[in-house]
Each structure stands twice: as C-alpha cells, then as structure tokens.
Amino acid sequence: MEAAVYNRSDGIEDKGEKRLKIKTAKMSYEEVLALPVTIHQKPIKQRLLFRVVLLLLSIWDLWMTRFTYRMIGMEKLEKGEPCLVLMNHSSFIDLKIAARLMCTRPFHIICTADGFVGKRWLMRQIGCIPTRKFMTDVTLVRDMVYATKELKSSILMFPEASYSFDGTQTPLPDSLGKCLKILKVPVVMIRTHGAFARDPLYNNLQLRKVRVSADVEYLLSAKEIAEKSQQELNDILQEKFTFDYFRWQQENEIRIKEPFRADGLNRMLYKCPRCRAEGQMLGQGTKILCKLCGKAYELTEYGYLHAVETESRENKKQDESKEIQEFPNFTHIPDWYHWERECVRQEILSGNYQMNVPVTIYMMVNTDRIYQVGEGVLSHSTEGFRLTGCDGRLDYRQEPLASYSLYSDFYWYEIGDVISIGDARVQYYCFPKESGDIVAKARLAAEELYKLVKQGTLAEYQ
C-alpha cells in the first residue's frame, strides 16, 4: 500500500488525490539503532467486518471507473478453497479491485513492511502480512503456509512488488515457482485493464477518466503445480505477466484527453535520445522536452509519442551540422524506456556506470515510525550500493546480488522520490536532493547489474 503526492520544484502543479501518509520523526542515527525491533507475529484470520470495510472503501473509485470484470475458468476453484491470487501492480486502485473480487472469501494481503508503520493493529486486522521488497524472506513463506493451511485463507500477492514505471511488466522473483510448490494451493491471476492508463505513477497521481476492468483467471491447480518443475511454473507466470499497457491503450483506442497527461514523464524518460543528456528532460502538460537541446515530443490522446518542433534551443551557439546526429525517434514510451535500460547496461559493461547523489536519509527499524536521521551520499557502481552519512557514523554497503530489483518509487508517502536499500534489520529510505531524475535509472541499473553479475558477465565477478 503506497502513497502519493510530492510537491516538486519543477513547476508541475499537483491535481491528484491525497493518499496515505506515514508517521515520521527526527532522531539521531545511534538512537534509532538502539530502538527495539518489531517482534514477529503470526497472521490472524481476517474477519468479515474488515472485508466489508475494505469493500465499502473501494466502491466509490470502482463506480467512478465503471469497473467490470470477467471470470475465466473460476468454476474450478471450490467454494471456500484457499488459493494464491497473483495480481499485476499498476496503480493504487489495484487493492480496491482485489477487495471487490475477493470479498466472498477470507484473504491475506502481502504488503511492504512500511505499510504497517503507525497502523500495525489495523493492518493485521485487514489481513496484511508484512515483508521487505525484493529480499529473500523465509518468514514470509512460513506466514503464507500458516494462512493457507491453518487459517484456511487465500493469499493476495503482487509478485512484481512495485508499480510498473512504463506500463510493462517488472521482473518476477526466481523463487516464485518454489513458493507455489511449498503452498500447494491453486493459483489464480487477476490482470487489470485501464488501471495504469487511469493513474500511471509518473503522472503525479492525477486521475484520468478511464474505465477499468479485470480478468480473473484460474491458472493452475494444486495437482498441476505438483507435476511441473519450478522452472516450468516460472515460465508460465512470466508469460502471464507479460503486457504493455500503452500498446493496450493504442489497440483499444482509449482516448485520454486530460491536458496533464505528460506531467512528470521525465521521471521515467530521463535521458534525451538526441543529445544523450540525463536529468534535463521536462514532462509538462502534453509534452516532454529536453531543456538542453530542445528535442520535444507530444504525448497524444491515444498514447503515442509524436515528435514536435521547438522554436528555440539553449544551445543555438553550437554548429547546427554538429548538433544534429542520428538518434532514435521514439513513438512508443516503453521503447524509450527499454533504450534507457540498454544504455545503462552498456555503461555497466564499459565500466562507466557510477551514481553519486546527496540524499536525505530516513530509517525503519520497527513499525512505530520511520526516522529522519540526517544527510548523506548514496553511491551505486558495479560494486553495488554504498550509503554514507550522519557525520561519518553511517556506512552501509549492499552487493549487486543482494536483490534482483530495487525498491524505488515516485512520491513516496508525500515525502518525495525515493530509493530504498537495506536488510532484514534496517531499511534505509534515500531521498535525492536536487540531483535530477535518477530513481528510474537506479532501478534499471540494479536490475541489469544483478543479471550481469549472476551470469558472470562482468570480469571482476567471474
């Protein structure tokens, strides 16, 4: 469960809805480390009352989006039979959709641990089970087994763990197939349509007028799971979690007329395809442009990028013949984002990738609050992440293989764009200070570095 609206300094006015906030406090680094950690508690059975509350809180948004759904093969799931429900993660409305579709059976929700901050009792009553994103969590698997076997409840999981930045799938953990075999319950998938188009994360959480629907599909029985290998299960899930919501918008001719549809697009499309500058893009209104060379695109009502001419450029003094070089002219946002990924990969392979940004540091050691502990510098290279700060008292390192992706987000709990690293004891939330749009690049770099190191491609790790 995540939150909203960050008041940026780039002139973009927020027109979105306020979401959840999080309790914070200022405290020294040593004081935070001395705080007691949260003691693990087993999940408790979700009561009907709280399912009804979740449903009532969801009705308005579902009515506003004219929400509809269809069932595919769901007659195979017996009444009252626990199952694992896997759902793609597109926007904040996902949980409301799930509340509607699962209201007839008790279910537990796998939730990031910071969602429990300041409201642990309530979250447990709703049925949430906390975990740390992109980390191996043996305790989580035990809790899931306990919920299905002892409490006879279903499990709702967003296996991508984070919202999609570009409307395409994000990496799934390799351990997912193993998890299915441990649980030994049927698997159901919920795939949404229109949720991303209505409320993409980059767009300052400004809501568009888009209808939302969902498909609820019975994927695998317990018997089929037992008969297949972990890799076969992973392959099935990977195929089911392959999508492109900008393509969906185009093919279904979904018209988005809102004049703010490109606001914040620079958070995701941070690299200019013409001059290759990073952190110089500005998404505002219906256009995204490079403030350095003037290259601009319009985001059309049907989700295409259309190159437009600009009247002037800041680098007019450059020789025009030198300035204009061959460059990709994108019409599809995921293609641009994929190109940025390839650029990051080449930086890593050539030894040129390096990120060093000043950050404001928050820490989470329990679910009472997150604590602002000071300032520091977050670095990322082929050696992984390194966070230093708090007047030299903090020095945390995280190797590339520690996580297959990165907990990075936009507008995190109305504080700002964030990069989060850490371990089972401490989670660090790093908020870049005036350093351009680096959150998306950091996630791409972490994912590519993980793959390269795991494959033994980088010489230093062979």
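Predicted model, so just to flag it, every value in this text is computed and none were measured.

Draft legend 1. Spotlight on the overall build of the protein chain. Scanning the protein chain from terminus to terminus reveals 13 helices and 19 strands. The C-alpha extent of the protein chain, read off along each of the three principal axes, is 70 × 55 × 45 Å. Relative to its full complement of 462 residues, the protein chain shows a buried share of 58%. Taking all contacts inside the protein chain whose residues are at least 6 apart in sequence as the whole, residues at least 24 apart take part in 71%. In the structure as shown, the protein chain presents an accessible area of about 20600 Å², 50% of it carried by carbon and sulfur atoms. Counting 64 positive and 61 negative side-chain charges, the protein chain places the averaged centre of each group 5 Å from the other.

Draft legend 2. Region of interest: the packing of aromatic side chains. Overall, the coordinates contain 17 aromatic pairs when judged by the stated rule. Judged by centre distance (5.2 Å) and plane angle (75 degrees), the ring pair of Y362 and F431 falls under edge-to-face. Residue Y362 is located in strand 13 (residues 355-364), and its partner F431 is located in strand 19 (residues 427-432); the two are separated by 69 residues in the primary sequence. With centroids separated by 4.6 Å and ring planes inclined at 85 degrees, the aromatic side chains of W412 and Y413 adopt a geometry described as edge-to-face. Since its relative accessible area comes to 1%, W412 is described here as buried. Positioned above the aromatic ring of Y297 is the side chain of K295, whose terminal nitrogen or guanidinium carbon lies 5.1 Å from the ring centre. Residue placement shows R443 over the ring face of F165; its charged tip is 3.7 Å from the ring centre.

Draft legend 3. Structural detail: the nonpolar core. Ranked by size, the top nonpolar core spans 72 residues in total, and within it W336, M355, L378, L387, I419 and Y428 carry the most contacts. Sort the elements by how many residues they give to this core and helix 13 (residues 439-455) lands first, with nine residues. In contact with W336, other than residues within four places in its own chain, are L269, K271, P273, M281, I288, Y297, L305 and F330. Residues F50, M123, I126 and V216 belong to the second largest nonpolar core, which totals 32 residues.

Draft legend 4. Local environment of the side chain of R124. Tracing the chain through its elements places R124 in helix 4 (residues 120-126). Put simply, R124 is tucked away with no salt bridge, and the nearest opposite charge, on D143, sits 7.5 Å away. In contact with R124, other than residues within four places in its own chain, are Q41, K42, P43, I44 and F116.

Draft legend 5. Structural detail: the confidence of the model for the protein chain. For the protein chain, per-residue confidence averages 89 on the pLDDT scale, and 91% of positions sit at 70 or higher. For the stretch residues 1-18, pLDDT sits under 50, and the model shows 65 contacts to residues farther than four places along the chain or on other chains.

Draft legend 6. How the structure looks around the pattern of salt bridges. Summed over the entire model, instances satisfying the criterion amount to 18 salt bridges. We note a salt bridge from K96 to D61, for which the minimum N-O separation is 2.4 Å. Residue K96 is found in helix 3 (residues 94-101), and its partner D61 is found in helix 2 (residues 48-64); the two are separated by 35 residues along the sequence. The two residues K96 and D61 agree in class, both being buried. Its salt-bridge partner being K441, residue E278 comes within 2.8 Å of it at the nearest N-O pair. Placement of E278 in the loop between helix 10 (245-251) and strand 9 (281-284) and of K441 in helix 13 is noted, with a sequence separation of 163 residues between them. We classify K441 as buried; its relative accessible area is 11%.

Draft legend 7. Quick look at the sheet that holds strand 3 (residues 84-87). Reading across from one edge, 2-8-7-3-6-4-5 is the order of the seven strands in this open sheet, with mixed pairing throughout. The open sheet has two free edges, formed respectively by strand 2 (68-72) and strand 5 (128-131), since each of these has just one partner strand. Averaged over all neighbouring strand pairs, the angle between strand axes comes to 25 degrees, with direction disregarded. Direction of pairing for strand 4 (residues 107-112) relative to strand 5: parallel, over a ladder of four bridges. Bridge assignment links T112 to a residue of strand 5, and that residue is T131.

Draft legend 8. Representation of the environment of H193 in the model. With respect to the helices and strands, the residue H193 is situated in strand 7 (residues 187-193). Taking the relative accessible area as the measure of exposure, H193 reaches 15% and is therefore buried. It is 5.2 Å that separates the C-alpha atoms of H193 and S213, two residues lying 20 residues apart in sequence.

Draft legend 9. Summary view of the sheet that holds strand 11 (residues 296-299). What the four strands build is an open sheet, ordered 9-10-11-12; its pairing is antiparallel. Looking at the sheet topology across the chains shown, the edges are occupied by strand 9 and strand 12 (305-308). Here the strands of the sheet are splayed against their neighbours by 25 degrees on average, with no regard to which way each runs. In this sheet, strand 10 (residues 287-290) lies alongside strand 9 in antiparallel orientation, the contact comprising four bridges.

Draft legend 10. Local environment of the packing of helix 6 (residues 176-183) against helix 9 (residues 230-240). Where helix 6 meets helix 9, the closest approach of the two axes is 7 Å, and the angle between their N-to-C directions is 110 degrees. One element, helix 6, and the other, helix 9, form an angle in the roughly perpendicular class. As for how helix 6 packs across helix 9, the hand of that crossing is right-handed. Residues L176, G177, K178, L180 and K181 of helix 6 lie in contact with helix 9, whose contacting residues are Q230, L233, N234 and L237. For the contact of helix 6 with helix 9, a count of residues per class yields four nonpolar, three polar and two charged.

Draft legend 11. Examining the pairing of strand 12 more closely. Summarising the sheet, strand 11 and strand 12 pair through four bridges and their orientation is antiparallel. Directly across from Y297, in strand 12, lies its bridge partner A307. Following strand 11, the chain reverses through five residues before pairing antiparallel with strand 12; G303 in that reversal takes a positive phi of roughly 90 degrees.

Conventions used here
Here, residues in each chain are numbered from 1, in the same order as that chain's written sequence. Where totals are concerned, whole chains, interfaces and linings use all residues; where local detail is concerned, this predicted model gives features only for residues with pLDDT of at least 70, and gives and counts side-chain atom pairs only at 80 or more. With hydrogens and water excluded, all non-hydrogen atoms of the structure serve as input to the side-chain values. Going along the chain from the N terminus, every DSSP run of H or I of four or more residues is numbered as a helix, and every run of E of two or more is numbered as a strand. Each residue's exposure class comes from its accessible area (1.4 Å probe, protein chains only) as a fraction of the maximum for that residue type: buried when under 20%, exposed when over 50%, partly exposed otherwise. Two residues form a contact once any of their heavy atoms are found within 4.5 Å. For every accessible area listed, the method is Shrake-Rupley and the probe measures 1.4 Å; residues are considered covered only by the protein chains on display. As used throughout, the charge tally considers Lys and Arg to be positive and Asp and Glu to be negative, leaving His and the chain termini uncounted. For this purpose, a charge sits on NZ of Lys, CZ of Arg, CG of Asp or CD of Glu. Each Phe, Tyr or Trp ring (for Trp, its six-membered ring) is paired with any other whose centre lies within 6.5 Å, and the angle between the two planes then decides the class: stacked below 30 degrees, edge-to-face above 60, tilted in between. Placement of a positive charge over a ring is assigned whenever Lys NZ or Arg CZ falls within 6 Å of the ring centre and within 35 degrees of the normal to the ring plane. For the purposes of this section, nonpolar cores are sets of buried Ala, Val, Leu, Ile, Met, Phe, Trp, Tyr and Cys residues that join through side-chain atoms within 4.5 Å. Here, a salt bridge means any Lys or Arg side-chain nitrogen found within 4 Å of an Asp or Glu carboxyl oxygen. Per residue, pLDDT measures the predictor's confidence, with a range of 0 to 100. When DSSP finds at least two bridges between two strands, those strands are taken to pair. The axes are straight lines fitted to the C-alpha atoms, using for helices just the contacting stretch, and the angles between their N-to-C directions are given from 0 to 180°. Convention used here: angles under 35 degrees read as roughly parallel, angles over 145 as roughly antiparallel, angles from 65 to 115 as roughly perpendicular, and any remaining angle as oblique. Crossing handedness follows the turn of the near helix against the far one: under a right angle anticlockwise gives a left-handed crossing, and clockwise gives a right-handed one. In this classification, Asp, Glu, Lys and Arg are treated as charged, Ala, Val, Leu, Ile, Met, Phe, Trp, Tyr, Cys and Pro as nonpolar, and every other residue, Gly included, as polar.

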